[in-house]
Every structure is written in C-alpha cells, then in structure tokens.
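# Examining the three-dimensional arrangement
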Amino acid sequence: MTCALSGQIGSQTVHWPESCLESSVIALDPVVGELGGVVEHFWEKVVDDAQQRCSQISRDLSWPVAACQHRSMSGYDVIGDIHGHADKLIGLLREMGYEQRSGAWRHAERTAVFVGDLIDRGPQQRESIEIPRAMVEAGSAHMVLGNHEFNAIAYAQWNEERSDYSRSRLGKSGEKHLDQHAAFIDQIGLDTPGHRDAIAWFRTLPLWLDLDGLRVVHACWNDAEIDRLRPLVNEFGGVTDEIIIDGTTKGHATYRAIETIVKGPEIDLGGLVYLDKGGHRRNKARRRWWDESARTLRDIAEIPTGTENPEGGLFAPLPETPALDAIEHAYAGDVPVIVGHYWKSGTPAVLGPKAACVDYSAGKGGPLVAYQWSGETELVDAHFVSFG
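One structure accompanies this document, and this report is about it.

Here is what the cut-offs are and how they apply
Residues numbered from 1 in each chain as written. Predicted model: local features only at pLDDT ≥ 70, side-chain atom pairs only at ≥ 80, totals over all residues. Heavy atoms only, no water. Buried < 20%, exposed > 50% of the residue type's maximum accessible area, 1.4 Å probe, protein only. Helix = DSSP H or I, 4+ residues; strand = E, 2+ residues; numbered from the N terminus. Contact = heavy atoms within 4.5 Å. Lys, Arg positive; Asp, Glu negative; His and termini not counted. Salt bridge = Lys/Arg side-chain N within 4 Å of Asp/Glu carboxyl O. Polar contact = N/O pair within 3.5 Å; in protein donor to acceptor, adjacent residues only side chain to side chain. Phe/Tyr/Trp six-rings, centres within 6.5 Å; stacked < 30°, edge-to-face > 60°. Lys NZ or Arg CZ within 6 Å of the ring centre and 35° of its normal.

Our next topic: helix H4 (residues 86–95). Restricting attention to buried positions, one finds in H4 the residues Ala-86, Lys-88, Leu-89, Gly-91, Leu-92 and Leu-93. Tucked inside the fold, the buried residues of H4 contact strand S3 (76–79), strand S5 (104–106), strand S6 (111–114), helix H5 (125–138), strand S19 (368–373) and strand S20 (384–387). Two residues or fewer past H4, Gly-97 is found with a positive phi of approximately 90°.

Right under this line is the structure:
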C-alpha cells in the first residue's frame, strides 16, 4: 500500500492511501461499463473525499500540500518551460497518457515534474498556472521554481532599504521588468487577490528536487550553491523574504547562488556583444556547465543558433580563448540532471549522458517537450516526447 499522506500526531501515525483508491478506480474500469457508470461515480466521490481530507489534514498540521503526493510508480515525465501555452501542455499530457480526473491531470503509473517558467509571454497565463498547480496539489506532479516565478515573487516583494520592490518597478529597469511581466500582469492582474494567491503558491515551490536517481532544477545543478541555499529555504524548499531580498542584491552570496540555480552561471565574452531573445544587449553568455570537457570560450558559452549582433547580422563564432574557471562550474555528478531554461531548438537531444534540457522554446513557437525518465543512469534521445 502506497500512502498519499503519512505523519505523526503525538504517538499515532496518520495514513491516507489515496493512490490505493485511484488504483481501485482503474481496476474497476471493465466493471464500470456494465454498471452504467454507477461504480465510476461512487469511486470518483471516494477519491474526491480522500483529496479533501488530505488537504484538510495538511492545513491542520501546517504541512505542505505537496506532502500528499504519490510515489512515482514507473518514472517521471519532466516537462519543459510552458510560458503561458496551456494548450500545448494539455496536448503533451494527453500524448503521454495522462487523463483528467477529479480536477487534475493524472497518470496511472507515472508522475509529472515541471521545471518551472509557467508564466510570461503566452496567451494562457491563468491556465498555465492552474493546471500544474492542481496536479501538484493532487499528488500527480512535482515542480521546481523557475526564474520567471522567482522574478514575479521579487516584483511583488517590497524592499524597505531600496524604497522599491526587490525587482524594481522604477525607472528604466522598471520599464524593462514591466515589459517582461506584461502577459502575466495583463491576465492575472497586479497586487490583486489572484496575483497575491499565485505569488503565495510560487513561494511553496522548491528550488531543486533530488529524486531517487534523478535531479531536477530549472537552470543549473551546482552542489556548492545548493548547499549555500539549503539552510535558508522555507519548509517547502522554496524562497523566503530573506532569499528574495538577498537574491536580488548584487554581490551578495545568495545572489550568486540564485543566479546559478534558477538562471544559470554566465561567462564574460571579453567585450563581445550580442542581442538576446528580447533584443537586449548582452556581453555575457550562459555556461554549458553540463559539458565537463569544455575548456574554451567557444565551447563553454551557450549562444542560441541564429543569435544576432547589435548591427543586425548573425553573431560570429566565439574565439577559442581558454577559460581559466571552466572546471569550477562543470557538473561531475553521477546522478542525471534535467533542466529547462535554455531556449533550445531543433530535434530534442540530450546535452550529455548525465544532462538533458526540456526547454525547446514553447514560448516562441516551438514545441513543449518532456523527457520520460524510467530509472536509467544515462539519458538518451529516444526518451523525449513533444507536442506543438
């Protein structure tokens, strides 16, 4: 029996076997047809009641609702950056065999994992939050915090010392930030009850997940920076006011840790400048931290195909200048890591035997991609699935 919730109250242990109830629903499918849906209706009621009781116990004990989660039975489906495209998410879930039951998308044998960046850019901001949130709260999914959720929290976090929000709403920076959050704010509102509710939920999302044989983080797995954040996170593994304020203060150790984990480490291009996807000038590039063999600027810098220079032409290949700090950022772990964040294109392929990216630019016309992990110690291209 796999219990959806277990915990200690005094000397007694409480168990609520929600997954067992759902297995019963699946097992009864052949009978349902013969009884004209009566059994199906009965078990839907039972499962709904189980979820309500689970959530109520969670609130009464001040436990995160995430504690009411199923164990993965046969693997994890790690889903890339959605960026407001809930239609692609629904299509991908169907493609992978998920069904909508009792208010959430579920799979009989697998658990979804979202890499973050549900919001900004696309036309379905509300649905792009509601679907993953319902899955997380029902126990059919996990999720880590993306940089866009982190930025949204910071945009709502007042900073007394700066007399501004932690992600500024003032001046040219404020204009840039408002433009980046435009779709989210237009559809959800700013400082409204719905906005505050979304921000509160974002704070419950862990910054990383170390699952049994698999690691998931939005941008980069770095043991040193994770260890730096570990004593600072809240009871959910998520951000606190202190992390938000210090994580937006350049020069602070927490700033470096957050930048690394949810935005990815960067490398200086030595005076070279390119335009990012938003048309902003950049003189730093994201590092290929997953490539342990990379030693030069050309090998380390992650510059998307088709990137332009400020003059409007294609950005030229980088020089093969040695990078003295290459080894410092390289991932050398034995546990596979799956990330989002990097705006890949083309046919999905692993970054290496121990790393994969599932962000294939769903927010800019690309497909929504997932990696279906089933316990392998080395990741393979054949386990990608996409929609859109």
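Inspection of the secondary structure assignment puts Glu-376 in the loop between S19 and S20. Among buried charged residues, Glu-376 stands out as having no salt bridge; its nearest opposite-charge side chain is Arg-110, 7.1 Å away. Engagement of the side chain of Glu-376 in a polar contact is seen with the side chain of His-383, the distance being 2.8 Å. Beyond its immediate stretch of four places on either side in the chain, Glu-376 contacts Pro-336, Tyr-371 and His-383.

A few words on the packing of aromatic side chains. Aromatic ring pairs: the centre-centre distance and the angle between the two ring planes describe each pair. All told, the structure shown has 10 aromatic pairs when counted by the stated rule. A ring pair is formed by Trp-289 and Tyr-331, whose centres lie 6.2 Å apart and whose planes are at 90°; its orientation type is edge-to-face. With Trp-289 in the loop between strand S15 (284–287) and helix H13 (297–300) and Tyr-331 in the loop between helix H14 (326–329) and strand S17 (337–339), this residue pair connects regions lying 42 residues apart in the sequence. Residue Trp-289 shares its accessibility class with Tyr-331, and that shared class is buried. The structure contains a cluster of three or more aromatic residues connected by ring pairs, namely Trp-289, Trp-290, Tyr-331 and Tyr-342. Across from the ring centre of Tyr-155, 4.8 Å away, lies the NZ or CZ of Arg-169, which sits over that ring. In this structure, Arg-169 packs its charged tip against the face of Tyr-165, placed 3.6 Å from the ring centre.

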